[in-house]
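Architecture at a glance
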Amino acid sequence: MKIFIELWKAKNTWLQLSRKDRESFVSRIGPEIAGLISKGIIVDSWGMNDDSSLYKADYDFFAITKLPSAELLEEFQQVIEKSGWYNYFDQVNVTGQDISAETVIRRMVDLKRPQIVIEKNI
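With that out of the way, let us pick up the sheet that holds strand β1 (residues 2–10). An order of β2-β3-β1-β4 is seen for the 4 strands of this open sheet, with the pairing classed as antiparallel. Of all the strands in the sheet, just β2 (42–48) and β4 (89–97) have a single pairing partner and so form its edges. Recorded for the sheet is a direction-independent mean angle of 15° between the axes of neighbouring strands. Here β1 runs beside β4; their pairing, made up of 9 bridges, is antiparallel. Its bridge partner being in β4, Ile5 is matched across the sheet by Val94. Across the sheet, helix α3 (residues 70–83) touches β1, β3 (61–67) and β4, and the angle it forms with β1 is around 15°.

Next comes the structure, spelled out in structure tokens:
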């Protein structure tokens, strides 16, 4: 299972649209997302970033989506890209395999120190 986490905030291009134009835009994306849901994606959570977080990310909204395959993740990302979403929203994404906390912690502990290379000018 792939996990896709999105963080986004509106760009000025979105803020300058009328309410009607915003509604029109999101209504065009809805059926495409519904089609992906019928293929097995799970929109697990949507939310707004509140002020209670320490080290709060500078994004206003988030979504967590679960996808059964890398192919469906690719299709999901293409739908978002082709919709023009990124013209209106500044967004960052995090994607990864759903793995155990123990595996993540072990990989964190196993991280290697970077090698420092000193170049000598001759």
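Once the structure has been displayed, the description carries forward.
A positive phi angle is found at Tyr55, which is not glycine, with a value near 55°. Within the fold, Tyr55 resides in the loop between β2 and β3. Using a relative accessible area of 82% as the deciding quantity, one classes Tyr55 as exposed.

As a further point, take the packing of aromatic side chains. Counted by the stated rule, this structure contains 10 aromatic pairs. Here the aromatic rings of Trp14 and Phe89 are separated by 4.8 Å at their centres, their planes lie at 45°, and the arrangement is tilted. Linking Trp14 in helix α1 (residues 12–15) with Phe89 in strand β4, this pair joins segments that are 75 residues apart in sequence. Looking at Trp14, the relative accessible area reads 11%, which means it is buried. Relative to Tyr88, the ring of Phe25 has its centre 5.1 Å away and its plane inclined at 70°; by these criteria the two rings are edge-to-face. Placement of the pair is Phe25 in helix α2 (residues 19–38) and Tyr88 in helix α4 (residues 85–88), with a sequence separation of 63 residues. Pairwise contacts between aromatic rings join Trp8, Trp14, Phe25, Trp46, Phe61, Trp85, Tyr88 and Phe89 into one cluster.

The rules behind the values
- Residues numbered from 1 in each chain as written.
- Predicted model: local features only at pLDDT ≥ 70, side-chain atom pairs only at ≥ 80, totals over all residues.
- Heavy atoms only, no water.
- Pairing = 2+ DSSP bridges.
- Helix = DSSP H or I, 4+ residues; strand = E, 2+ residues; numbered from the N terminus.
- Axes fitted to C-alpha atoms, helices over the stretch in contact; angles between N-to-C directions.
- Contact = heavy atoms within 4.5 Å.
- Buried < 20%, exposed > 50% of the residue type's maximum accessible area, 1.4 Å probe, protein only.
- Phe/Tyr/Trp six-rings, centres within 6.5 Å; stacked < 30°, edge-to-face > 60°.

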